[in-house]
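One-letter residues, chain by chain:
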Number of protein chains: 2
Amino acid sequence: MSDTQHNIPNELKATAKAHANIAVAKYWGKRNSDLNLPFFDSVSFNVEDLTTETTAVWNEDDFRDALSINGWQVPEHTLGRLTRILNTIRSLTGITKRCILSSKNNFPLSTGLASSASGYAAAAAAAAAAAGLELSESELSSLARLGSGSAARSIPAGWTRWHAGNLEDGSDSHAVSIAPPDHWPLHVFVIQVSEGPKSISSSEAMQQCQSSPYWPTYLQQASQAADFAQNAILQRDFAALTEAMHTNALQLHALAMTCNPPICFFAPKSIEILQHILRASRGIQVCCTLDAGANVVVLCEETAYPFVKNDIIAFGLPFVQSRIGGGVTVQAKPPHLSSE
Amino acid sequence: MSDTQHNIPNELKATAKAHANIAVAKYWGKRNSDLNLPFFDSVSFNVEDLTTETTAVWNEDDFRDALSINGWQVPEHTLGRLTRILNTIRSLTGITKRCILSSKNNFPLSTGLASSASGYAAAAAAAAAAAGLELSESELSSLARLGSGSAARSIPAGWTRWHAGNLEDGSDSHAVSIAPPDHWPLHVFVIQVSEGPKSISSSEAMQQCQSSPYWPTYLQQASQAADFAQNAILQRDFAALTEAMHTNALQLHALAMTCNPPICFFAPKSIEILQHILRASRGIQVCCTLDAGANVVVLCEETAYPFVKNDIIAFGLPFVQSRIGGGVTVQAKPPHLSSE
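Quick word on the sheet that holds strand 10 (residues 187–191) of chain B
Residue and element names in this part refer to chain B.
- The four strands lie next to each other as 11-12-10-13, forming an open sheet whose pairing is antiparallel. The open sheet terminates on both sides in strands that have one partner only, identified here as strand 11 (286–289) and strand 13 (319–323). In this sheet, neighbouring strand axes are inclined to one another by 20 degrees on average, regardless of whether the strands run parallel or antiparallel.
- Direction of pairing for strand 10 relative to strand 12 (residues 296–300): antiparallel, over a ladder of five bridges. For Ile191, the partnering residue across the bridge sits in strand 12 and is Val296.
- Against the sheet, helix 7 (residues 238–257) engages strand 11 and strand 12, with an angle of about 25 degrees to strand 11.

Re the pattern of salt bridges
- Across all of its chains, the model carries 16 salt bridges over all chains by this definition.
- Here A:Arg64 makes a salt bridge to A:Glu76, at a shortest N to O gap of 2.8 Å. You can see A:Arg64 sitting in the loop between strand 4 (42–59) and strand 5 (66–69) and its partner A:Glu76 sitting in the loop between strand 6 (72–73) and helix 2 (80–93), a full twelve residues away along the chain.
- Residue B:Asp41 is joined to B:Arg161 by a salt bridge in which the shortest nitrogen-to-oxygen separation is 2.9 Å. Placement of the pair is B:Asp41 in the loop between strand 3 (37–38) and strand 4 (42–59) and B:Arg161 in strand 8 (residues 159–163), with a sequence separation of 120 residues.
- Beyond isolated ion pairs, a larger network of salt bridges with shared partners links A:Asp41, A:Arg161 and A:Asp227.

With respect to the packing of aromatic side chains
Residues and elements named next belong to chain A.
- Enumeration over the complete set of coordinates arrives at 22 aromatic pairs over all chains.
- Residues Phe189 and Tyr305 carry aromatic rings whose centres are separated by 6.2 Å and whose planes lie at 15 degrees to one another, so their mutual orientation is stacked. On the criterion of sequence distance, the pair formed by Phe189 in strand 10 (residues 187–191) and Tyr305 in helix 9 (residues 305–314) is long-range, its members being 116 residues apart. Residues Phe189 and Tyr305 agree in their burial class; the two are buried.

A look at the relation of the copies chain B and chain A
- You can overlay chain B on chain A at an RMSD of 0.0 Å; the transform is a turn of 180 degrees with a shift of 0.0 Å along its axis. Such a combination of rotation and displacement between the chain copies is what one expects of a two-fold axis.
- The overlap is high: 100% of the interface residues of chain B also sit at the interface in chain A, so the same surface is used on both sides.

Brief notes about the pairing of strand 10 of chain A
- Across the five residues of strand 10 of chain A, five count as buried, placing the element largely inside the fold.
- A two-sided burial pattern is seen for strand 10 of chain A, the buried positions comprising A:His187, A:Phe189 and A:Ile191 on one face and A:Val188 and A:Val190 on the other.

Observations regarding the domain arrangement of chain A
Residue and element names in this part refer to chain A.
- Each domain of chain A was delimited in the assignment, giving domain 1 (5–183 + 326–338) and domain 2 (187–322).
- With centres defined by C-alpha atoms, the gap from domain 1 to domain 2 works out at 24 Å.
- Taken together, the contact between domain 1 and domain 2 spans 29 residues of the former and 44 residues of the latter.
- With both chains or domains summed, domain 1 and domain 2 bury close to 3100 Å², and 68% of this area falls on carbon and sulfur atoms.
- The largest share of the area that domain 1 buries against domain 2 comes from Lys26, Trp28 and His183, three residues that together contribute 28% of it.
- Across the contact surface, domain 1 and domain 2 share two salt bridges.
- In this structure, the salt-bridge partner of Arg161 is Asp227, at a minimum N-O distance of 2.9 Å.
- Applying the counting criterion to the domain 1 and domain 2 interface returns eleven residue pairs in polar contact (both at pLDDT 80 or more).
- Listing elements by their share of the side of domain 1 that touches domain 2, those giving two or more residues are strand 1 (13–25), strand 4, strand 8 (159–163) and strand 9 (174–179).
- With seven residues, strand 4 is the single largest residue contributor to the side of domain 1 that touches domain 2.

The rules behind the values
Residues numbered from 1 in each chain as written. Chains lettered and ligands numbered in written order. Predicted model: local features only at pLDDT ≥ 70, side-chain atom pairs only at ≥ 80, totals over all residues. Heavy atoms only, no water. Pairing = 2+ DSSP bridges. Helix = DSSP H or I, 4+ residues; strand = E, 2+ residues; numbered from the N terminus. Axes fitted to C-alpha atoms, helices over the stretch in contact; angles between N-to-C directions. Contact = heavy atoms within 4.5 Å. Salt bridge = Lys/Arg side-chain N within 4 Å of Asp/Glu carboxyl O. Phe/Tyr/Trp six-rings, centres within 6.5 Å; stacked < 30°, edge-to-face > 60°. Buried < 20%, exposed > 50% of the residue type's maximum accessible area, 1.4 Å probe, protein only. Least-squares fit on C-alpha atoms with pLDDT ≥ 70 in both. Domains from an automatic or database assignment. Buried area = accessible area lost by both parts, 1.4 Å probe. Polar contact = N/O pair within 3.5 Å; in protein donor to acceptor, adjacent residues only side chain to side chain.

See below:
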């Protein structure tokens, strides 16, 4: 009997690997929170060396969907957004089985870092492939979006743009690649400023930020940010990229600081690094961003690399050095998809 | 001859002492930069233990106005704003002599701390008194304002409000006391985060901030801040004071962060203290503000005092512990004013 239980058909199992992404023009605020539909487009790049690898198995012997991360079983009540992805796959395929996912982050950093993008992207890709569901990249991006908005951007490769879309069902809200990883081979440093989990979730913080008197202006400014960032990237214009990243990040943090009650995502070390990069960016080709948290991500051109690397070591914090990364890959496709 | 030079008539010499002030609803931005006329009202309190004492002597044997601070002669080209005060006194009195001022800050902190308010308030009061000019408190506040806007608020005692005024000549732009120092005997801690001079002057920063997309909203919000702060003070409502101070300070720093190029006034330690006080303020009666710089000023009620003092010591930074302070005092009035 135990043999039967573990004799899972090959075609209902798949493994996918996705990269974390860092936004140049950030996603912030939802026009529909059930479907993770944003107010405006966002632009990001994948980080080659921050990955989540997830294996999904559709299994009729289990009563419930389940997820483990790095060997730890995730409490069922926190599966909510994953369940939306799995229910969508069930309704598209007619499958009635439960899905068991085991996920592994390679992040050498602790979990403070945004793992939800790579996590949901890998989970969506693995679960869809295991179910034999053939999806276009856009469809897969839309599916991953149901887990976490930013996961939509971890599906395509390199520099990606998530189109907010207009449709109420979100079917046109997905990310596309605007340039491959080798289009602009910048150095990426992800600096771990904060080890702990965030004190407020991104979803809650997004909601709370709408209480800021600056919200209407933020919304109007951020809605233009994706175009500006995309142009900077396509033209490999580092000065424009710097302006895009700094402006967009600081407008978001300013928004958070002025909501009620105020949210200050900065840690002391975030400010040390931010101040340093703001100064350095006047002389060399380096820039940075902070997501809704304390960690800082630094980008630089080859010419600035020796100085930047030296400075980053001097900050005395754990960091990952990387490059612009690829899109999601499915490593063990079921047989009927292997002809692709 | 040397005897003659030093035989200065008593009635042309006076000494005044003024306190630094900390804004609850900040002055930021000038509708007229020659006259230091603000866009909106501001509210502050004087700090009892941060003072400038200035002696002014009108002397016909000197060719030029001169100022020394703590024994150091100030370069003539930086006297610009003091000269406006002295020229105003000359035109009001018909005096043609030069004014020699020697000023002493008692600040146990280095000069990073805003000494311009107490400095110009003491200089204006001393120079006017030495010239035998009898001015009302409002007129003296207006005169000090010509040196530095915030100096207007160091003339009246305790909690003060600077009325922006409407007139083009600025004659109705002066501060008045809204409550005496003993109205609400809060503890004041001025924590020195940054030792060095500021990297950008307040006047320049005010100008640059108008490039932020948040400027119109800031202007509209900050214009309501003085009323809100004054009500909190008059009602001794600490929760409202906390909201007033935090909101007003964070809106200003958010504005600065989003101007072009961005200005980040925070030092790493500012964030450590700010985060700590934001958290603590949910449980005890403590709040803080940061002016356009890295230093943090903490206010607390008697009940919170032991905890706050303990926390502030733990920050490991130099600090001044004080109370709400009085207005400017003229310690050696010329004889013809002594009958007042």
